[in-house]
Amino acid sequence: MTGRRLLLVLAPAGTLAAHGLAYGPFAGEHGDGGGLHAYLPFVAAVAVPGAIAALLWVATCRRGRAVRLPSVRALVVTQLGLFGVQEVVERLASRVSLSDLAGQPAIRWGLALQVLTAATFLLAARLLRRT
């Protein structure tokens, strides 16, 4: 499996993880009755098993088969892009104004947590590969 393929599987799961961590303490701020995030269980049902499968692939891959992990920078940049698109689409779909997007604490936390989740996912993949 190439680094790009792993990137396509790990980035959505990392973005969802950071999104959930960021919005946990700020869940009641939207004033939309929870409609902004009503789709997340369906997306998580696909992204999380995909990421688990990718990590298992890395862990069980034979020594002779090359599995290139994406760089932390590539994963962070991809996750940041996905998070930005996710936030804009959420607001457009729920007819919530985009004007206050950058000023919300959950957005700032979500952006910062993309770095943490990307590094954690890649560290887990490297540790699994060693065992």
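Quick caveat: nothing in here was measured; it's all calculated off a predicted structure.

Colleague: Give me the lowdown on the overall build of the protein, citing residues and values where you can.
Modeller: Regarding its fold elements, the protein presents four helices and zero strands. Each helix (α) and strand (β) of the protein, taken in turn from the N terminus, gives the series α-α-α-α. Residue burial in the protein is summarised as follows: out of 131 residues, 36% are buried. When the accessible area of the protein is evaluated, it comes to approximately 7600 Å², of which 68% is carbon and sulfur surface.

Colleague: Could you give an account of the packing of helix H3 (residues 72-94) against helix H4 (residues 105-130), naming the residues involved and the relevant values?
Modeller: Across the interface, H3 lies against H4 with an axial gap of 9 Å and an inter-helix angle of 145°. Crossing of H3 over H4 shows right-handed handedness. Taking contact as the criterion, the partners of Val72, Leu75, Val76, Gln79, Leu80, Phe83, Glu87 and Arg91 in H3 are, on H4, Ala106, Ile107, Gly110, Leu111, Gln114, Val115, Thr117, Ala118, Phe121 and Leu122. Of the residues assigned to the contact of H3 with H4, the class counts are 12 nonpolar, four polar and two charged.

Colleague: Just give me the short version of H3, but keep the residues and values in it.
Modeller: Helical periodicity: at 3.6 residues per turn, an α-helix aligns residues three or four positions apart in one direction. Look at H3: 32 Å from first C-alpha to last across 23 residues, which is about the 33 Å you get at 1.5 Å a residue. Where H3 is concerned, the buried positions are Leu75, Val76, Gln79, Phe83, Gln86, Glu87, Glu90 and Arg91. Downstream of H3 by one or two residues, Arg95 has phi in the positive range, about 55°.

Colleague: Any chance you could break down the confidence of the model for the protein for me, citing the residues and the numbers?
Modeller: Overall, the predicted model of the protein reaches an average pLDDT of 77, with 69% of residues at or above 70. When the elements of the protein are averaged for pLDDT, helix H2 (residues 40-60) gives the smallest value, 68, and H3 the largest, 90.

Colleague: Now, about the environment of Gln79: what can you tell me, with residues and values included?
Modeller: Relative to the helices and strands, Gln79 resides in helix H3. Residue Gln79 is classed as buried on the basis of its relative accessible area, which comes to 0%. Along the backbone, Gln79 and Gln114 are 35 residues apart, and their C-alpha atoms lie at a distance of 6.2 Å. Residues in contact with Gln79, not counting those within four places in the same chain, are Leu10, Ala11, Gly14, Thr15, Gln114, Thr117 and Ala118.

Colleague: Give me the nonpolar core: which residues, what numbers.
Modeller: Formed by 14 residues in total, the largest nonpolar core has its most connected members in Leu10, Leu69, Leu75, Phe121 and Leu122. Looking at this core, the elements that each hand over two or more residues are helix H1 (3-23), H2, H3 and H4. By size, the runner-up hydrophobic cluster in this structure holds eight residues, among which are Ala22, Leu101, Ala106 and Leu113.

Colleague: Which residues make up H4, and what values go with them?
Modeller: With 26 residues, H4 should reach 38 Å at 1.5 Å per residue; the first-to-last C-alpha distance of 38 Å fits that figure. Most pronounced at Leu113, the bend in H4 amounts to some 30°.

Colleague: Please give an account of a nonpolar patch on the surface that cites residues and values.
Modeller: Among the surface-exposed residues, Val88, Leu92 and Leu98 lie close enough to one another that they form a single nonpolar patch of about 230 Å² accessible area. Owing to a relative accessible area of 36%, Leu98 belongs among the partly exposed residues under this scheme.

Colleague: Describe the side chain of Thr117, listing the residues and the values that go with them.
Modeller: The topology assignment puts Thr117 in helix H4. Relative accessible area serves as the criterion here: at 5%, Thr117 is assigned to the buried category. Polar side-chain contacts of Thr117 include one of 3.2 Å to the backbone oxygen of Gln114. Among all residues touching Thr117, those that are not within four sequence positions of it are Gly14, Ala17, Ala18, Leu21 and Gln79.

Cut-offs and rules
Residues numbered from 1 in each chain as written. Predicted model: local features only at pLDDT ≥ 70, side-chain atom pairs only at ≥ 80, totals over all residues. Heavy atoms only, no water. Helix = DSSP H or I, 4+ residues; strand = E, 2+ residues; numbered from the N terminus. Buried < 20%, exposed > 50% of the residue type's maximum accessible area, 1.4 Å probe, protein only. Areas by Shrake-Rupley, 256 points an atom, 1.4 Å probe, with all protein chains shown as cover. Axes fitted to C-alpha atoms, helices over the stretch in contact; angles between N-to-C directions. Left-handed = near helix turned anticlockwise from the far one by under 90°. Contact = heavy atoms within 4.5 Å. Nonpolar A, V, L, I, M, F, W, Y, C, P; charged D, E, K, R; others polar. Expected span 1.5 Å × (residues − 1). pLDDT = per-residue confidence, 0-100. Core = buried A, V, L, I, M, F, W, Y, C linked by side-chain atoms within 4.5 Å. Bend = angle between axes of the 7 residues up to and from the residue. Patch = residues over 30% accessible without salt bridge, like charges linked within 9 Å, V, L, I, M, F, W, Y side chains within 5 Å. Salt bridge = Lys/Arg side-chain N within 4 Å of Asp/Glu carboxyl O. Polar contact = N/O pair within 3.5 Å; in protein donor to acceptor, adjacent residues only side chain to side chain.

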